[in-house]
Amino acid sequence: MSDKNLTLCVPRASSGQDPHRPLLVKSPKPTTCPSNHVLLQIDQFGFSANNITYQALGEHPHFRYFDFHDAPEVRDVDVSKKTHGVIPVWGFATVVESGHPKIHAGERVYGYFAPTRYLLLAVSPADVNKYAFYVPRPHLPADRRPYNQILRCAADPQYTSDPIIEDLTMLYRPLFWTSYWCEDWLFSSTYRGGASVFLISSASSKTAFCLAYLIKKRVTRGEVKHNVRIVGLTSRGNLEFTKGLGHYDEVLEYESFRSSDAFRYRGMDERWIYIDVASNDALNERIRTYFASPYGPRLATCISLGLTNVSPSSSSSIKWNINAFSASSHDTNTNQFWPQYEYFFMVEWLNVRKHQLPTDEIFKRQNAAWKELVEDCRRWVRMEKVYGGQGVKRAYEEIAERGVGPEKGLVWSLWDREEKEVVEAKL
């Protein structure tokens, strides 16, 4: 292995530089591993539209995604933690050296890493168990603890060493849990008192279609009434892919959704939940206009779940400091026909659930859901791997400019390999 480190950095919005132009920063591999630290070799990581969201909100005061890992400081290179950020990524790594007696070199781990070859992380000395250890980040809110967790694969019930399953884990695990806990949150209110139609924007995105998948699972198990319908909205180019997933009862184009039979008025008893994954202002205005009529269906609530419409240069006016996890928040409307937006942030709801459910029950539910997903998701997308610093840089630039096609699952590594590999996600 190389004794040189390589890190993918991106300009901060506050720097005034073009956020679509990343830098590959070369730096020395750390030569020492202090007490209560680990030196990790980052083997590979997933990349999706979710990571572009991390960049767009990197300096947002609520999310602070650039505060998880600092950009390297290198002499004679025009990069610093003040001008550049590091986009967090979910991936697998190997412990190269350990400064903690209970963590050992050679261990396989999974966590919220940086797009780099080597990563030196502090370890909370008293916060190490057989399942995980934690990175101390006192500068971040306490509810960010799930992001500070480094899972030890040998004891992780959701881990398997099969390379295909590792790829699926990097692709789906972070997104799936957002969808899983959002559906759990909605079900905790019996789908806002019995709403029968879910309308989900950016339906081709993994967060959206995993949510649809989970709602359909709930209906199939008989835990909600069987007349629940799931309607997806997507672009014309993604229409066939989204239909082919089989998670939605109907998939409609953004341009013509209002003329569909799915939007035919069926009486005041029909109530809808709108899940906004795209965060597209023009689309939301058209939806708002439709539901504002007293002669159309009623919206039970509008949930802001994602920002798939963002690019690295986007800024968001969403008031993420407002969450909807108290009962009273469900009753506040801006007018009779258009309810107030609710903003879902997974770690905040999970913190609520930890006070409502025993930890063992949370793990049991998650393990069962993950086992089902891994069996079901293998042919949903085509896995694409990119190796080497220049290959990853080019792949990032392409995504920043053009977005990510929904049919692809991206796994990147800053370690060199002669060619880009495309494999089908199946055993």
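Refer to the structure presented above.
Residues numbered from 1 in each chain as written. Predicted model: local features only at pLDDT ≥ 70, side-chain atom pairs only at ≥ 80, totals over all residues. Heavy atoms only, no water.

*Asks:* So, the nonpolar core: which residues are in play, and what are the values?
*Replies:* Counting residues in each nonpolar core, the largest one holds 113 residues, and the members touching the most others are Tyr-172, Phe-176, Ile-275, Trp-380 and Trp-412. Looking at this core element by element, the count peaks at 13 residues for helix H3 (residues 163-187). If sequence neighbours within four positions are ignored, Phe-176 has contacts with Cys-210, Tyr-213, Leu-214, Ala-369, Trp-370 and Leu-373. By size, the runner-up hydrophobic cluster in this structure holds 20 residues, among which are Tyr-254, Trp-272, Ala-278 and Cys-302. (Core = buried A, V, L, I, M, F, W, Y, C linked by side-chain atoms within 4.5 Å. Buried < 20%, exposed > 50% of the residue type's maximum accessible area, 1.4 Å probe, protein only. Helix = DSSP H or I, 4+ residues; strand = E, 2+ residues; numbered from the N terminus. Contact = heavy atoms within 4.5 Å.)

*Asks:* Could you give me a rundown of the sheet that holds strand S4 (residues 84-85), with the residues and numbers involved?
*Replies:* The strand order across the open sheet built from three strands is S2-S1-S4, with neighbouring strands paired in antiparallel fashion. Looking along the sheet, the strands with just one partner apiece sit at the ends: strand S2 (23-28) and S4. Its contacts with the sheet place helix H10 (residues 389-402) against strand S1 (4-11) and S2, and it is angled at close to 10° to S1. (Pairing = 2+ DSSP bridges. Axes fitted to C-alpha atoms, helices over the stretch in contact; angles between N-to-C directions.)

*Asks:* Describe in detail the pattern of salt bridges, supporting the description with residues and values.
*Replies:* Per the stated rule, a full pass over the model turns up 26 salt bridges. The residue Lys-385 makes a salt bridge to Asp-167 at a minimum N-O spacing of 3.2 Å. Of this pair, Lys-385 sits in strand S16 (residues 382-387) while Asp-167 sits in helix H3; the two residues are 218 residues apart in sequence, bridging distant segments of the chain. You can call Lys-385 buried: its relative accessible area is 10%. For Arg-288, the salt bridge goes to Glu-285, with nearest N and O atoms at 3.7 Å. Taken as a pair, Arg-288 and Glu-285 lie in helix H7 (residues 281-291) at a separation of three residues, close to a single helical turn. (Salt bridge = Lys/Arg side-chain N within 4 Å of Asp/Glu carboxyl O.)

*Asks:* Tell me about unusual backbone geometry, and name the residues and values.
*Replies:* Here Thr-190, not a glycine, exhibits a phi torsion of approximately 50°, which is positive. In this structure, Thr-190 sits in helix H4 (residues 190-194). The phi dihedral of Ser-202 is positive, around 50°, even though this residue is not glycine. In this structure, Ser-202 sits in the loop between strand S10 (197-200) and helix H5 (206-220). You can call Ser-202 buried: its relative accessible area is 8%.

*Asks:* Tell me what's going on with H3, and back it up with residues and numbers.
*Replies:* Relative to the 36 Å expected for 25 residues at 1.5 Å per residue, H3 spans 34 Å between its end C-alpha atoms, a close match to the ideal helical length. Within H3, 23 of the 25 residues are buried, leaving the element largely enclosed by the surrounding structure. (Expected span 1.5 Å × (residues − 1).)

*Asks:* Any details on H5? Residues and values, ideally.
*Replies:* An ideal rise of 1.5 Å per residue puts 21 Å on 15 residues; H5 measures up with 21 Å between its terminal C-alpha atoms. With respect to burial, H5 is a largely interior element, 12 of its 15 residues being buried. The complete set of buried residues in H5 reads Lys-206, Thr-207, Ala-208, Phe-209, Cys-210, Leu-211, Ala-212, Tyr-213, Leu-214, Ile-215, Arg-218 and Val-219. In the segment just after H5, Gly-222 is the residue with positive phi, at about 80°.

*Asks:* Outline the packing of H3 against H5, supporting the account with residue identities and numerical values.
*Replies:* The N-to-C vectors of H3 and H5 enclose an angle of 50°; their axes lie 8 Å apart at closest approach. What the angle tells us is that H3 and H5 run oblique. Between H3 and H5 the crossing geometry is right-handed. Two secondary-structure elements touch here, H3 through Leu-171, Tyr-172, Leu-175, Phe-176, Thr-178, Ser-179, Tyr-180, Glu-183, Asp-184 and Phe-187 and H5 through Lys-206, Thr-207, Phe-209, Cys-210, Leu-211, Tyr-213, Leu-214, Ile-215 and Arg-218. Grouping the constituent residues of the contact of H3 with H5 by class yields 12 nonpolar, three polar and four charged. (Parallel < 35°, antiparallel > 145°, perpendicular 65-115°, else oblique. Left-handed = near helix turned anticlockwise from the far one by under 90°. Nonpolar A, V, L, I, M, F, W, Y, C, P; charged D, E, K, R; others polar.)

*Asks:* Which residues make up the packing of aromatic side chains, and what values do they have?
*Replies:* All told, the structure shown has 35 aromatic pairs when counted by the stated rule. Relative to Phe-198, the ring of Tyr-191 has its centre 4.8 Å away and its plane inclined at 85°; by these criteria the two rings are edge-to-face. Both residues of the pair, Tyr-191 and Phe-198, belong to the buried class. Taken together, the ring pairs in this structure connect Tyr-54, Phe-63, Tyr-65, Phe-68, Trp-90, Phe-92, Tyr-110, Tyr-112, Tyr-147, Tyr-159 and Phe-345 into an aromatic cluster. Of note, Arg-192 hangs over the ring of Trp-185, and the distance from its end group to the ring centre comes to 4.7 Å. Sitting over the ring of Phe-187, Arg-218 keeps its end group 3.7 Å from the ring centre. (Phe/Tyr/Trp six-rings, centres within 6.5 Å; stacked < 30°, edge-to-face > 60°. Lys NZ or Arg CZ within 6 Å of the ring centre and 35° of its normal.)

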